[in-house]
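# Chain and residue survey
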Amino acid sequence: MIVFDRLWTTMKQKGFSTYRLREKCGIDSKTIRRLKANENIETKTIDKICAALDCKIEDIAEFVNNKGSQL
């Protein structure tokens with residue numbers, strides 16, 4: 001499972017609110033809801049978020065296996 005827990009930490013470190021992220025990336029509140037729920041999002045959205053935050057994908061997402069342990 002891909003989880004976006006790291007996104008919220010990275011946003012806080014860089015001084016981004018969800019509103020600022022939405023405005024800079026051109027994503028909507030539905031996408032923010034999907035990120036918070038760790039639901040599927042398009043790779044182009046991940047690209048936009050990484051560009052806006054000037055970070056790597058591993059700064060916003062990680063894979064956690066079904067048993068809850070990290071790889």
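As the structure is a prediction and not an experimental result, all values here were calculated from the model. (Residues numbered from 1 in each chain as written. Predicted model: local features only at pLDDT ≥ 70, side-chain atom pairs only at ≥ 80, totals over all residues. Heavy atoms only, no water.)

## Here we look at helix α1 (residues 5-13)
Applicable threshold: Here the term buried applies to any residue with accessible area under 20% of the maximum for its type, exposed to any over 50%, and partly exposed to those in between, with areas from a 1.4 Å probe on protein chains only. To qualify as a helix, a DSSP run of H or I must reach at least 4 residues; to qualify as a strand, a run of E must reach at least 2; elements of each kind are numbered from the N terminus. By arc we mean the arc of the directions from the helix axis to the C-beta atoms, nothing more. Only heavy atoms matter for contacts: two residues are in contact if any of them lie within 4.5 Å across the pair.
Here α1 has its buried residues at Leu-7, Thr-10 and Met-11. What you see down the axis of α1 is that its buried residues fit within an arc of 100°, all on one side. Along α1, exposed side chains directed more than 90 degrees from the buried face belong to Lys-12 and Gln-13. Turning to α1, the residues buried within the fold contact α2 (18-25), α3 (29-36) and α4 (43-53). Downstream of α1 by a residue or two, Gly-15 has a phi angle that is positive, lying close to 75°.

## Side note on α4
When we look at burial in α4, the residues that qualify are Thr-45, Ile-46, Ile-49, Cys-50, Ala-52 and Leu-53. The buried side chains of α4 occupy one side of the element, clustering within an arc of 165° when seen end-on. Of the residues in α4, the exposed ones pointing more than 90 degrees away from the buried face are Thr-43, Lys-44, Asp-47 and Ala-51. Looking at the packing, one finds that the buried side of α4 touches α1, α2 and α3. The first or second residue beyond α4 is Asp-54, which carries a positive phi of 50°.

## Observations concerning the environment of Asp-47
With respect to the helices and strands, Asp-47 occurs in helix α4. Asp-47 gets classed as exposed once you look at its relative accessible area, which sits at 53%. For the pair Asp-47 and Ser-17, spaced 30 residues apart in sequence, the C-alpha to C-alpha distance is 18 Å.

## Structural notes on the packing of α2 against α4
To keep things clear, this is the line we draw: Only C-alpha atoms enter the line fits that serve as axes; for helices the fit covers just the stretch in contact. Angles between N-to-C directions range over 0 to 180 degrees. Throughout this description, any angle smaller than 35 degrees is read as roughly parallel, any larger than 145 degrees as roughly antiparallel, any in the 65 to 115 degree range as roughly perpendicular, and the remainder as oblique. Following the grouping adopted for this structure description, the nonpolar residues are Ala, Val, Leu, Ile, Met, Phe, Trp, Tyr, Cys and Pro, the charged ones are Asp, Glu, Lys and Arg, and the polar ones are all others, Gly among them.
It is the contact of α2 with α4, at a shortest axis distance of 9 Å, that shows an interaxial angle of 110°. Regarding the angle of α2 to α4, the classification is roughly perpendicular. Contact residues: α2 offers Leu-21, Lys-24 and Cys-25, while α4 offers Lys-48, Ile-49, Ala-52 and Leu-53. Split into classes, the residues belonging to the contact of α2 with α4 amount to 5 nonpolar, no polar and 2 charged.

## Comments concerning the pattern of salt bridges
This is how it is decided: For this analysis, a salt bridge means a side-chain nitrogen from Lys or Arg found within 4 Å of a carboxyl oxygen belonging to Asp or Glu.
Under the defined criterion, the tally for this structure stands at 4 salt bridges. Between Arg-6 and Glu-62 there is a salt bridge; the shortest N-O distance is 3.3 Å. Taken together, the residues Arg-6 in helix α1 and Glu-62 in strand β2 (residues 62-63) connect sequence positions 56 residues apart. Using a relative accessible area of 34% as the deciding quantity, one classes Arg-6 as partly exposed. Note on Glu-62: relative accessible area 14%, which makes it buried.

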